[in-house]
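# Fold and geometry: a report
Here's the letter readout for the chains.
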Amino acid sequence: MSSVQNKCINSIDQSKFIKVNDVVLPVNYKKFEQCIEDMDVRDDDIWVCSYPKTGTTWCQEMTWCIANDLDFEGAKQNLHDRFHFLELSTLYTFRYDEKALLEKQDIKIPNYLSNSLELINGLKSPRYIKTHLPYKLLPKKLRNQSTKAKIIYVARNAKDTCLSYFHHLTMLGEYKGHFDEFCNLFASDSICYSPFFDHILGYWDRRNDSQILFLKYEDMKQDLRSVIRRTAQFLGKYMPDDQLLVLENHLSFESMKKNRAVNGEPFIELTCKTMDISISKGNFMRSGTVGEGKTKMTPEFVKMFDEWEEKCLGKSGLKFL
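For the structure given in this document, a descriptive report is provided here. (Residues numbered from 1 in each chain as written. Predicted model: local features only at pLDDT ≥ 70, side-chain atom pairs only at ≥ 80, totals over all residues. Heavy atoms only, no water.)

## Brief notes about the pairing of strand E2 (residues 23-26)
The side-chain alternation of E2 yields two buried faces, one formed by Val23 and Leu25 and the other by Val24 and Pro26. Direction of pairing for strand E1 (residues 17-20) relative to E2: antiparallel, over a ladder of four bridges. Looking across to E2, one finds that Val20 is bridged to Val23. A loop of two residues connects E1 with E2, the two strands running antiparallel in sequence, and Asn21 in this loop sits at a positive phi of about 55°. (Buried < 20%, exposed > 50% of the residue type's maximum accessible area, 1.4 Å probe, protein only. Helix = DSSP H or I, 4+ residues; strand = E, 2+ residues; numbered from the N terminus. Pairing = 2+ DSSP bridges.)

This is the structure we're talking about:
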């Protein structure tokens, strides 16, 4: 870990990041690595994959509602319990002293935190699974397409992702530096789940596979209705106009931000208890706008990010607003 990371990342195990196949991950990932590689992926699994803070929760809620025929009553259940986070335990045990938490009688650790992979393996079908892992670290059965499971990937432009990630880690008390320092960390691919553009390209290069749907956050903001239609078609679901309008309203930013089943407030409250801290002012779902990152960065960082994006994506055909 670089000296800048050691200075800025504030957690119980400050230096315990490792690289797995060139990907930055918590050291606890090694405990689960082989189990993830050998995971028994089922034909009716639906996966939402993404780099952090690129519209994952939005995409999950859209996907679950479509796949479950707009079961809004069922959607009142917390999204964590409907759409399970594959490697969450690697992050959870990295952030918190689990043994100390177990001694706190007033804290009940949810199943999705204690052993997320074991929980997912025991779920009834169909399973809805979220992961921030890049394509090359997905379970072998997904990579070799020996299963009919579907993957929906959502991507977002680098500047907005960087800003959202900065606010997220700052709110959770995991980052104590300035935004400029974080921009340097992000652009040097030193943040968890990086390299950023490699993550995107791993899925973009397979966008024509019949079992992969590649979405962009910017398209969801610009024309959510069309993205809902594409997703429904990908999942083999017919959605008449009246249902589409109802779902579009359910997925609006204002509706999502007020909805405790998806807005992250229960997770933030649990974090406050487990770490005995007051979360800094902020929201898991903050602004949801496109282009804000550019307005918050210095001109020097905007130029650096533009050049970085052109270098990484120039020949790929992938463009962001």
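Anyway, onward from the coordinates.
## Concerning the packing of aromatic side chains
Applying the stated criterion to the full structure yields 21 aromatic pairs. Measuring from ring centre to ring centre gives 5.6 Å for Phe83 and Tyr128, while their planes differ by 50°; the resulting arrangement is tilted. In this pair, Phe83 sits in the loop between helix H4 (79-82) and strand E4 (84-85) while Tyr128 sits in strand E5 (residues 128-131), placing the two residues 45 residues apart along the sequence. Relative to Trp308, the ring of Phe196 lies with its centre 6.2 Å away and its plane at 45°, an arrangement referred to as tilted. Highlighted residues: Phe196 in helix H12 (residues 196-204) and Trp308 in helix H19 (residues 299-313), separated in sequence by 112 residues. Grouping aromatic residues by their ring pairs yields a cluster made of Tyr51, Tyr165, Phe166, Tyr175, Phe179, Phe182, Phe186, Phe196, Phe197, Phe305 and Trp308. Just above the ring of Phe85 sits the side chain of Lys130; from NZ or CZ to the centre is 4.2 Å. Looking at Arg207, its charged tip hangs above the ring of Trp204, at a distance of 3.9 Å from the centre. (Phe/Tyr/Trp six-rings, centres within 6.5 Å; stacked < 30°, edge-to-face > 60°. Lys NZ or Arg CZ within 6 Å of the ring centre and 35° of its normal.)

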